[in-house]
Amino acid sequence: MEFMSVLVQQVIIMFLLMLIGCILFRTKKLTAEGSKSLGNLLVYVIMPGVVINAYMTEFSMERLKGLALAFVFSAIALGLAMVISAIFFKRHPIENFGTAFSNAGFMGIPIVQAVLGSEAVFYVSAFVALLNLLQWTYGVFVITKDKRQVSVRKIITNPILISMIIGICLFLIPVEIPHVISETVSLVASMNAPVAMISLGTYLAQITAAQLVRDKAAWLSTLVRLLVIPLVTLGVLTFIPESYASLKMAILIVAATPVGSNVAIFAQIHNKDYTQAVKSVCLSTLCSLVSIPLILACAGWLWG
């Protein structure tokens, strides 16, 4: 199947980019402090660019209705993921954050495009936007255990919320965006995967293969992220009318992707155990080669 080919390609690209970061760190061309600076660039510039770029498309009422439904389905899926993750990892903040939030942007979007077409990618942007917003609020609180990190002021000034509002306004207002602006935003958004994976590679350089394979917490996080959460999401989405089959499948795909790389970025920014986060990211990414086709096969059987 085409999506399997896309999945394998994405995993290979992901690990090649991490290999670059690993080599740079091992040869002392990129330091731990430099990696943290890359994390700040990703969080405060690139991720907002990804969100804005997703909404820079032609307006139509059909798209608006689909986007509204996508936000509802995404909120359901993300809510389930956060609840399930909290049940398993309430006392383990890194695993709690990582398991709750999938790699929807880098892994999910290419698979959605291969399985459902480019139109479905627009609707998946709702999931990506909500995921990033929740990482900045709920996710930061999970990692820091500091309620001050989710104050009203910080939520309002959150770069993801601001970028989401800007993006939706650009979608709703029929104004032609100058090419120089749209191209700049597109280029910034395209930096997401390379910067995130290279930064992740610097963390991976500090972990041995034995540490990765023997880590029970990483294995449990992988199991919950790749099987428990997608299967529960699949069951809940089954109750949504068949007329929304494409949207349901798109949300299921992004909900079934492995632990997102942002858990390591946020852990480092807040001076937490980011190496533990890297173990879950790498292990779950490898295992997703088997789990994602399995989840989609279950959906095909259940939804007909």
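Conventions used here
Residues numbered from 1 in each chain as written. Predicted model: local features only at pLDDT ≥ 70, side-chain atom pairs only at ≥ 80, totals over all residues. Heavy atoms only, no water. UniProt positions renumbered as here; feature names shortened; annotations may be inferred. Core = buried A, V, L, I, M, F, W, Y, C linked by side-chain atoms within 4.5 Å. Buried < 20%, exposed > 50% of the residue type's maximum accessible area, 1.4 Å probe, protein only. Helix = DSSP H or I, 4+ residues; strand = E, 2+ residues; numbered from the N terminus. Contact = heavy atoms within 4.5 Å. Axes fitted to C-alpha atoms, helices over the stretch in contact; angles between N-to-C directions. Parallel < 35°, antiparallel > 145°, perpendicular 65-115°, else oblique. Left-handed = near helix turned anticlockwise from the far one by under 90°. Nonpolar A, V, L, I, M, F, W, Y, C, P; charged D, E, K, R; others polar. Expected span 1.5 Å × (residues − 1).

Per an unreviewed UniProt entry, the protein chain is named AEC family transporter, and its organism is Candidatus Scybalocola faecigallinarum. Entered under Subcellular location (unreviewed entry) in the UniProt record, the comment concerning the protein chain runs "Cell membrane". UniProt, in the comment section headed Sequence similarities (unreviewed entry), describes the protein chain in these words: "Belongs to the auxin efflux carrier (TC 2.A.69) family."

Caption draft 1: A look at the nonpolar core. In this structure, Y55, V112, F127, M164, L200, L252 and F266 are the most contacted members of the largest nonpolar core, which totals 88 residues. Per element, the largest residue contribution to this core is 16 residues, and it comes from helix α6 (residues 118-144). In this view, L200 contacts M18, S261, A264, V278 and V281; residues no more than four positions away in its chain are not counted. Of all hydrophobic cores here, the second largest spans five residues; its members include I84, F89, V224 and I229.

Caption draft 2: Structural detail: the packing of helix α2 (residues 32-55) against helix α9 (residues 179-190). Two numbers describe how α2 lies on α9: the axes approach to 8 Å, and their chain directions differ by 125°. As judged from the angle between their axes, α2 and α9 are oblique. The hand of the α2/α9 crossing is left-handed. In this structure, α2 uses V45, I46, G49, V50, I52 and N53 to contact α9, whose residues at the interface are V185, S186, V188 and A189. A breakdown of the residues in the contact of α2 with α9 according to their chemical character gives seven nonpolar, three polar and no charged.

Caption draft 3: Highlighting helix α10 (residues 192-204). Taking 1.5 Å as the rise per residue, α10 with 13 residues should run 18 Å; its terminal C-alpha atoms sit 18 Å apart, in good agreement. Counting buried positions along α10 gives eleven out of 13 residues, so the element sits mostly inside the fold. Within α10, the full set of buried residues consists of N192, A193, V195, A196, M197, I198, S199, L200, G201, T202 and Y203.

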